[in-house]
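Architecture and fold: a report
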Amino acid sequence: MHNILNTIALMLEGTETTLQIFFITLVLSIPIGMLVSLARLSRLKPVSWFMELYIWIMRGTPLMLQLLFVYFALPMAGIKLSDITAALLAFTLNYAAYFAEIFRAGIQSINRGQYEAAKTLGMSYTQTMRRIILPQVIRRVLPPISNETINLVKDTSLIYILAMNDLLRVARTIVQREFDMTPFVVAAVFYLAMTFVLTWIFKRLEAHYGKYEV
Amino acid sequence: MENSTIMIQMSDIYKSFNNIPVLKGISLEVKKSEVLAVIGPSGSGKSTLLRCLNTLETIDGGSIKIKGEYLAKNSDGKAEYADKKTQKHILGQMCMVFQQFNLFPHMTVLENLLEAPLHVKNMKKNEILPVAEELLRKTGLFDKRDAYPSRLSGGQQQRVAIARALCMSPDIMLFDEPTSALDPELTVGVLNTMRQLAEEQMTMIVVTHEMGFARDAASNVIFMADGNIIEKAKPHDFFSNPQEERTKSFLKNMLK
Ligand SMILES: Nc1ncnc2c1ncn2[C@@H]1O[C@H](COP(=O)(O)OP(=O)(O)O)[C@@H](O)[C@H]1O
Ligand SMILES: [Mg+2]
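From a predicted model like this one, the values you see are computed outputs, not experimental measurements.

**Brief notes about the overall build of chain B**
- Along its length, chain B carries nine helices and 11 strands.
- Each principal axis of the C-alpha atoms in chain B carries an extent, and together these give about 50 × 45 × 40 Å.
- A burial count over chain B gives 53% of its 256 residues as buried.
- In chain B, the proportion of contacts linking residues at least 24 apart, taken out of those at least 6 apart, comes to 62%.
- Here chain B displays about 11500 Å² of accessible surface, and carbon together with sulfur accounts for 46% of that area.
- The centroid of the 31 positive side-chain charges in chain B is displaced by 2 Å from the centroid of its 31 negative side-chain charges.

**Considering the UniProt feature "transmembrane region" (unreviewed entry) in chain A**
All names here are of chain A.
- Per the UniProt record, "transmembrane region" (unreviewed entry) is found at residues 20-41, 53-72, 84-103 and 181-202.
- Secondary structure over residues 20-41 splits into 95% helix and 0% strand, and the C-alpha atoms at its two ends are 32 Å apart.
- Here residues 84-103 is 100% helix and 0% strand, with 27 Å between the C-alpha atoms at its ends.

**Looking at the pairing of strand E2 (residues 20-31) of chain B**
Residues and elements named next belong to chain B.
- Where strand E1 (residues 6-17) lies against E2, nine bridges are found, and the strand directions are antiparallel. Bridge pairing in E2 places Lys15 opposite Leu23.
- Between E1 and E2, which pair antiparallel and follow one another directly, the connecting turn spans two residues, one of which, Asn18, has a positive phi of 50 degrees.

**Overview of the interface of chain A and chain B**
- Across the contact, 20 residues belong to chain A and 24 residues belong to chain B.
- Across the chain A/chain B interface, buried area totals approximately 2000 Å², and carbon plus sulfur atoms make up 59% of it.
- At the surface where chain A touches chain B, the tally comes to two salt bridges.
- For Glu115 of chain B, the salt bridge goes to Arg131 of chain A, with nearest N and O atoms at 2.5 Å.
- Summed over the shared surface of chain A and chain B, the result is nine residue pairs in polar contact (both at pLDDT 80 or more).

**With respect to the packing of helix H2 (residues 45-60) of chain A against helix H4 (residues 83-108) of chain A**
Residue and element names in this part refer to chain A.
- For the pair H2 and H4, interaxial distance at closest approach is 9 Å and the crossing angle is 115 degrees. Where H2 crosses over H4, the two elements pack in a sense that is left-handed. Of the residues in H4, those in contact with Tyr54, Ile55, Met58 and Arg59 of H2 are Leu93, Asn94, Ala96, Ala97, Tyr98, Ala100 and Glu101.
- Grouping the amino acids of the contact of H2 with H4 by side-chain chemistry returns eight nonpolar, one polar and two charged.

**Thoughts on the site of ligand 1**
Residues and elements named next belong to chain B.
- Around ligand 1, the neighbouring residues are Phe17, Val22, Pro41, Ser42, Gly43, Ser44, Gly45, Lys46, Ser47 and Thr48.
- Separating an oxygen atom of ligand 1 from a backbone N or O atom of Gly45 is a distance of 3.1 Å.
- Interatomic distance of 2.7 Å between a side-chain N/O atom of Ser47 and an oxygen atom of ligand 1.
- Against a free-state accessible area of 560 Å², the protein chains account for coverage of 60% of ligand 1.
- The element that contributes the greatest number of residues to the shell around ligand 1 is helix H1 (residues 46-53), accounting for three residues.
- When the residues that make up the shell around ligand 1 are grouped by side-chain class, the tally is three nonpolar, six polar and one charged.

**Examining the UniProt feature "domain: ABC transmembrane type-1" (unreviewed entry) in chain A**
- In the numbering adopted here, UniProt assigns the feature "domain: ABC transmembrane type-1" (unreviewed entry) to residues 15-202 of chain A.
- This span, residues 15-202 of chain A, is 82% helix and 0% strand, and a straight line between its end C-alpha atoms measures 21 Å.

**Notes on the environment of Asn18 of chain B**
- Here Asn18 of chain B shows up in the loop between E1 and E2.
- Separated by 104 residues in sequence, Asn18 of chain B and Asn122 of chain B have C-alpha atoms that sit 39 Å apart.

**Some words on the pairing of strand E7 (residues 94-97) of chain B**
All names here are of chain B.
- Both faces of E7 are covered, namely the face carrying Met94 and Met96 and the face carrying Cys95 and Val97.
- By the bridge criterion, four bridges tie E7 to strand E8 (residues 172-176) in an arrangement that is parallel. Counted as the bridge partner of Cys95 is Met173 from E8.

**Considerations on the nonpolar core**
- Within the largest apolar cluster, 136 residues are counted, with the highest numbers of intra-cluster contacts made by Ile8, Met173 and Met204 of chain B.
- When near neighbours in sequence (up to four residues on either side) are disregarded, Met204 of chain B contacts Glu34, Val35, Leu36, Met173, Phe175, Met194, Leu197 and Ala198 of chain B.
- In this structure, Met51, Tyr54, Ala97 and Ala100 of chain A belong to the second largest nonpolar core, which totals nine residues.

**Observations concerning the UniProt feature "domain: ABC transporter" (unreviewed entry) in chain B**
- UniProt's feature table lists "domain: ABC transporter" (unreviewed entry) at residues 8-251 of chain B, given in the numbering used throughout.
- What you have in residues 8-251 of chain B is 37% helix and 29% strand, and the ends, taken at the C-alpha atoms, are 27 Å apart.

**A look at helix H5 (residues 154-166) of chain B**
- Helix length check: H5 of chain B, at 13 residues, gives a terminal C-alpha distance of 18 Å against a target of 18 Å (1.5 Å per residue), a fit within 8%.
- Along H5 of chain B, the positions that sit buried rather than exposed are Gly154, Gly155, Gln157, Gln158, Arg159, Val160, Ala161, Ile162, Ala163, Arg164, Ala165 and Leu166 of chain B.
- Tucked into the core, H5 of chain B has its buried residues touching helix H5 (112-120) of chain A together with E7, helix H3 (109-119), helix H4 (125-138), E8 and helix H6 (184-199) of chain B.

**Some remarks on helix H2 (residues 84-91) of chain B**
Residue and element names in this part refer to chain B.
- Three or more residues of H2 are buried, namely Gln87, Ile90 and Leu91. Here the buried residues of H2 occupy an arc of 95 degrees about the axis, which is enough to place them on one side. Facing away from the buried side of H2 by more than 90 degrees, the exposed set consists of Lys85 and Lys88.
- Contacts from the buried residues of H2 go to H1, strand E4 (61-66), strand E5 (69-75), strand E6 (78-81) and E7.

**Considering the side chain of Asn220 of chain B**
Residue and element names in this part refer to chain B.
- Here Asn220 shows up in strand E10 (residues 220-225).
- A polar contact of 3.5 Å, which involves the side chain of Asn220, links it to the side chain of Lys234.
- For Asn220, the contacting residues outside a window of four places in its chain are Glu34, Val35, Leu36, Ala37, Lys232, Ala233, Lys234 and Pro235.

Thresholds applied
Residues numbered from 1 in each chain as written. Chains lettered and ligands numbered in written order. Predicted model: local features only at pLDDT ≥ 70, side-chain atom pairs only at ≥ 80, totals over all residues. Heavy atoms only, no water. Helix = DSSP H or I, 4+ residues; strand = E, 2+ residues; numbered from the N terminus. Buried < 20%, exposed > 50% of the residue type's maximum accessible area, 1.4 Å probe, protein only. Contact = heavy atoms within 4.5 Å. Areas by Shrake-Rupley, 256 points an atom, 1.4 Å probe, with all protein chains shown as cover. Lys, Arg positive; Asp, Glu negative; His and termini not counted. Charge placed at Lys NZ, Arg CZ, Asp CG, Glu CD. UniProt positions renumbered as here; feature names shortened; annotations may be inferred. Pairing = 2+ DSSP bridges. Buried area = accessible area lost by both parts, 1.4 Å probe. Salt bridge = Lys/Arg side-chain N within 4 Å of Asp/Glu carboxyl O. Polar contact = N/O pair within 3.5 Å; in protein donor to acceptor, adjacent residues only side chain to side chain. Axes fitted to C-alpha atoms, helices over the stretch in contact; angles between N-to-C directions. Left-handed = near helix turned anticlockwise from the far one by under 90°. Nonpolar A, V, L, I, M, F, W, Y, C, P; charged D, E, K, R; others polar. Near = heavy atom within 4 Å. Core = buried A, V, L, I, M, F, W, Y, C linked by side-chain atoms within 4.5 Å. Expected span 1.5 Å × (residues − 1). Arc of directions from axis to C-beta.

Structure below.
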C-alpha cells in the first residue's frame, strides 16, 4: 500500500510536466492557428503560399522528428533552448498548423451570404470576422478541435524521448526499477482521466455555442 | 425632400464575369418614394444589377449616382469609384434584403436588428431599442424577439431580415427575390410587409416573380432579358399592353 501511494505521488509529478506541456501548447497554438488560417486565406499570394508551406511541413513530417530537430539540431546551430522551451516550441508549431487547417475549413464553410449581409449593413472586415464569422466558426470547429486536443494529451508522451520526466517516462522508470506493471496501469488511468475531463468540457462548450441551432 | 428627387441614377452600366457580359449598358432612374419592380427570366442579370448598386459587385463601365452623389463615375469608358469614405456614406443609405434571408444565426431576432445600429452607427442601446421593438411589432414578430432564426419559419425570417435592414433607417431598400425561397403560403406576410413599406413612401427596387405585387404595389416595372432592359412601363400598361415581343411571351408564360 505504501508502495503504490509512493508510485502515485511520483507519477503525479510526471503528470504536472505533462499538463504543463499540454496547457501551454494549447493556449499558444489555438490563437496562432487562428492567425495562420487567416493568413492562409489572405489574398496576398506570397503570404498564403508561405502559410501553405508551413502547414505542409508541419503536417507532412512526424512530430517526433520535429521534436528531435528542435532539441538536437537547433543547439548545433547555436540556438540554446531549455528542455521545456524546446518541447513547447515543437508542439506549438506542430499543433498550430493542425488548428490552422481546422479553422480554415471552418471559415470556408460559412455561407457567403453572411459576409454580404454584414457588408450591406456597413460592417468592416474586422467587425464582420469578429462579430459574425468567427462566432459561427467556433461552433463548427469545436468537434475537430476537441479531437485534436485529446490527441495532444496523448502526444505529450512523445517528450519521453527527450530527457523530461513526464507521466509516461516516470511510469517506465518505476516499472524498470521494480519489475511491476502497475505504473503503466496507473498511467493509463491518468490519461483516461484527463481525456474524460476534456471530453466533458468540450461537450459543455458545444452545448453553449450550439444553443442557436435547432 | 421633394417627391421628384432622383434617388438612384444608373447610366450605361456594363458588367462582365470572366469576359461574359452580364449587364450590357443598363440605364435607369428611381425617384424618391418610387417602387421599381424588376422582372425577367433567370440569368438575365437582375441580381447583378442590384449587387452593383451596393458594391457587392463592381461595375466595369458606366456611372452610378445615389442622391446626387457619385458612387462610380464614368471616366474614359471605365467606371471610377468614389473614395472609401464617400462610398461608405452612400452605402449607408441603402439596405438589401436577400433571397436567402442571411440572418445571423448565432444572434436572436432582436440582436440581429441591433447589431448594425450599435456597432456600425455606434448608437446607444436606449436610442435604438425602441426603434427595433417598434419594427418588430409592425412586422408581427415582437413575441419572437428572443428566438434564434433557426426557430422561425422562412416567412418570419424574411420579415426579420426586412426589419433588420429598416433598423438602419435607410432611404433606399433593395429586394432580391425576397419571396422566392418561401413556400407559397408564407409569401403573403412578406409581401404585405413590403406593401406597407411602399405605402410609407420608401424608395424601393424589388426584383420579383410575384406579378401580383408588381401590378399593384409598383410605380414602374422593368423587364430585363440578357443583360438589357427590354421594356419599362407603368404596371397597368406593362401588364395589359406590353409592347415588346419578349415581354409578351414572358408574361404569357408567367401568368398561365
Ligand atoms: N459571381 C459570378 N461569377 C460568374 N458569373 C456570374 C456571377 N454572378 C452572376 N453570374 C452570371 O451572370 C448572369 C446573370 O446572373 P444574375 O444577375 O444572378 O441573374 P438573375 O438574378 O436575373 O437570375 C448569369 O449567367 C450568372 O451565371
Ligand atoms: Mg437573381
